[in-house]
Amino acid sequence: MRNKLAVLACAVTLAATTRVTALTQISAAAATGPVVTGPVVTGPVVTGPVVTPRIAAHFDLARGQMPENIALEPDGTADVTFAAARQVAAVGTTGATRVLATLPAPADGGVHTPALGFALTTGIVRAHDGTLYFLYASGTPDLTGVWRLRPGGTPHRVAPLPADGLPNGLALDEHRHRLYIADSVRGEIRTVPTAGGDPTTWSAAPELAATGFLGVNGLKIHRGALWATNLDRGTVLRIPFGPGGRPGPVRVTATGLTGIDDFAFTGRGDEILAALNGPGTVVRIRRDGTSSTVLTAADGLQNPTSLALRRGTLYVLSAAYTTATDPNLLLAPVRSSSSS
């Protein structure tokens with residue numbers, strides 16, 4: 001068994017090499033565009049740096065437990081995707097980890113998965129009834145797609161996605177019963193009803209395209225628009241919902257964010273906290289597009305991939321794609337205010 005784990009660890013490390021190499025070579029984006037501004041919303045908001053971060057859970061790299069994306073339960077439990085393990089797991093704030101589902105391995109082992117060369121689970125969202133939707137990229141037409149897991153149930157695919165793409169970020173619009181999927185290789189956003197079916201292309205704007213490795217990445221719905229990041233270009237994008245839910249013109253709201261992955265809104269208008277995978281930092285992106293670092297490797301980050309914010313606590317996942325050391329879940333209290 002020990003030898004088997006060692007072989008698996010080596011395989012995981014080698015499989016991630018393509019992503020690692022590209023991440024370390026990403027340069028800052030040159031794209032520019034108008035900054036989105038708007039009224040500040042009320043409610044608990046982030047007003048200062050995170051304080052006293054702690055690592056709540058350490059994951060097993062040898063078992064492929066490289067956490068890629070996160071959705072939060074009402075009690076603070078984090079539902080995460082373990083990329084190379086092809087798993088979805090629930091991680092408590094005390095570190096207890098329970099695997100909820102393991103997806104079948106592709107017949108070819110995932111070697112034809114675009115850009116990466118290994119099958120992986122990626123984006124995840126949670127509906128109010130506890131249903132989890134998540135993405136699986138396997139490089140094969142029988143498995144790549146949107147998967148659904150109801151509480152106490154078993155996972156099954158509800159929508160196929162192109163096997164020559166890399167479904168990555170995922171956003172849920174419960175009001176319209178729709179999911180939005182970022183394809184980082186094909187440079188497009190697709191949409192599908194939560195009930196399942198055949199996805200359609202929602203946007204293939206040039207701002208979504210990759211410039212060498214991965215393009216559109218994280219997705220969030222916020223204030224009448226679908227927001228996205230582009231990893232290669234180092235940008236944050238805002239795409240308003242137009243008539244009939246169709247996409248409006250893309251606006252670049254921030255640039256120069258090398259290796260940007262997933263992100264979360266702080267509750268202060270359009271202010272964002274974002275994970276920069278390659279540099280290994282979390283940054284705050286202000287409404288004017290400027291940014292500052294709030295967490296680094298000194299706090300325990302190991303190539304952060306995604307984050308979430310709830311009730312004054314910031315959750316940050318680190319996949320250790322480059323460092324190959326200590327994939328983890330970091331928790332950090334944040335200063336907040338009852339008004340804007």
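Residues numbered from 1 in each chain as written. Predicted model: local features only at pLDDT ≥ 70, side-chain atom pairs only at ≥ 80, totals over all residues. Heavy atoms only, no water.

## Things to note about the overall build of the protein
Now for step 1: Secondary structure summary: the protein contains two helices and 25 strands in total.
Now for step 2: For the protein, with 340 residues in total, the buried portion stands at 57%.
Now for step 3: For the protein, contacts bridging at least 24 residues in sequence account for 50% of all contacts bridging at least 6.
Now for step 4: Element-wise, carbon and sulfur atoms account for 53% of the exposed surface of the protein, whose accessible area totals about 13,100 Å². (Helix = DSSP H or I, 4+ residues; strand = E, 2+ residues; numbered from the N terminus. Buried < 20%, exposed > 50% of the residue type's maximum accessible area, 1.4 Å probe, protein only. Contact = heavy atoms within 4.5 Å. Areas by Shrake-Rupley, 256 points an atom, 1.4 Å probe, with all protein chains shown as cover.)

## Quick notes on the sheet that holds strand β22 (residues 291-295)
Now for step 1: In space, the four strands of this open sheet follow the order β19-β20-β21-β22, with antiparallel pairing throughout. Of all the strands in the sheet, the pair left with one neighbour each is β19 (260-265) and β22. Direction aside, neighbouring strands of the sheet carry axes that sit 30° apart on average. (Pairing = 2+ DSSP bridges. Axes fitted to C-alpha atoms, helices over the stretch in contact; angles between N-to-C directions.)

## What to know about the sheet that holds strand β7 (residues 120-126)
Now for step 1: Read from one edge of the open sheet, four strands run β7-β8-β9-β10, paired in antiparallel fashion. Only two strands of the sheet have a single partner each, and these edge strands are β7 and β10 (156-160). Direction aside, the axes of adjacent strands within the sheet are offset by 30° on average.

## As for unusual backbone geometry
Now for step 1: A positive phi angle is found at Ala324, which is not glycine, with a value near 55°.
Now for step 2: By relative accessible area, Ala324 is classed as partly exposed at 35%.

## Quick notes on the environment of Leu179
Now for step 1: Topologically, Leu179 is positioned in strand β12 (residues 178-183).
Now for step 2: We classify Leu179 as buried; its relative accessible area is 0%.
Now for step 3: Taking C-alpha positions, Leu179 is 5.4 Å from Val192, a pair spaced 13 residues apart along the chain.
Now for step 4: Leu179 has contacts with Val125, Tyr133, Val146, Leu170, Ala171, Leu172, Arg190, Thr191, Val192 and Thr194, leaving out every residue within four places of it along the chain.

## Some words on the pattern of salt bridges
Now for step 1: Considering all chains together, one arrives at eight salt bridges under this definition.
Now for step 2: Here Asp164 makes a salt bridge to Arg186, at a shortest N to O gap of 2.8 Å. In this pair, Asp164 is assigned in the loop between β10 and β11 (167-173) and Arg186 in the loop between β12 and β13 (188-193), connecting sequence segments 22 residues apart.
Now for step 3: Residue class for Arg186 comes out partly exposed when judged on its relative accessible area of 33%. (Salt bridge = Lys/Arg side-chain N within 4 Å of Asp/Glu carboxyl O.)

## Here we look at the environment of Tyr180
Now for step 1: Considering the arrangement of structural elements, one finds Tyr180 in strand β12.
Now for step 2: With relative accessibility at 2%, the residue Tyr180 sits in the buried group.
Now for step 3: Between the alpha carbons of Tyr180 and Pro193 there is a distance of 9.0 Å; along the sequence they are 13 residues apart.
Now for step 4: Ignoring anything within four residues of it in the chain, the contact list for Tyr180 reads Gly169, Leu170, Ala171, Asp173, Ile189, Arg190, Thr191, Trp202, Leu219, Ile221, Leu226 and Phe241.

## Observations concerning the packing of aromatic side chains
Now for step 1: A full pass over the atoms with the stated rule returns seven aromatic pairs.
Now for step 2: On the numbers, 5.5 Å between centres and 75° between planes, the contact of Tyr180 with Trp202 is edge-to-face. Pair noted here: Tyr180 is in strand β12 and Trp202 is in strand β14 (residues 200-203), with a separation of 22 residues, a long-range link. Trp202 shares its class with Tyr180; the two are buried.
Now for step 3: When the centroid spacing of 5.1 Å and the interplanar angle of 80° are considered together, the rings of Trp227 and Phe265 count as edge-to-face. With a gap of 38 residues between them, Trp227 in strand β16 (residues 225-230) and Phe265 in strand β19 connect regions that are remote in the sequence. Assigned by exposure class, Trp227 and Phe265 land together as buried.
Now for step 4: Among the aromatic residues, those joined into a cluster by ring pairs are Tyr180, Trp202 and Phe241.
Now for step 5: Above the face of the Phe263 ring, Lys220 is positioned so that its terminal group lies 5.1 Å from the ring centre. (Phe/Tyr/Trp six-rings, centres within 6.5 Å; stacked < 30°, edge-to-face > 60°. Lys NZ or Arg CZ within 6 Å of the ring centre and 35° of its normal.)

## Topic: the side chain of Thr122
Now for step 1: Relative to the elements of secondary structure, Thr122 occurs in strand β7.
Now for step 2: For Thr122, a relative accessible area of 1% corresponds to the buried category.
Now for step 3: There is a polar contact of 2.9 Å between the side chain of Thr122 and the backbone oxygen of Pro167.
Now for step 4: Once residues lying within four places of it in the same chain are set aside, the contact partners of Thr122 are Glu68, Asn69, Thr81, Leu135, Pro167 and Asn168. (Polar contact = N/O pair within 3.5 Å; in protein donor to acceptor, adjacent residues only side chain to side chain.)

## A few points about the confidence of the model for the protein
Now for step 1: Averaged over all residues, the pLDDT of the protein equals 88, while 84% of them reach at least 70.
Now for step 2: Predicted confidence is poor over residues 1-47, with pLDDT under 50, and the contacts of this stretch with residues over four places away or in other chains come to 103 contacts. (pLDDT = per-residue confidence, 0-100.)

## Some details on the pairing of β13
Now for step 1: Most of β13 sits out of view: five of its six residues are buried.
Now for step 2: Relative to β13, β12 runs antiparallel, the two being bridged by six bridges. Within β13, the position partnered with Tyr180 by the bridge is Thr191.
Now for step 3: As consecutive antiparallel partners, β12 and β13 are separated by four residues, and within that stretch Gly187 has a phi angle of approximately 65°, a positive value.
Now for step 4: With three bridges joining them, β13 and β14 adopt antiparallel strand pairing. Bridging across to β14, Ile189 finds its partner in Ser203.

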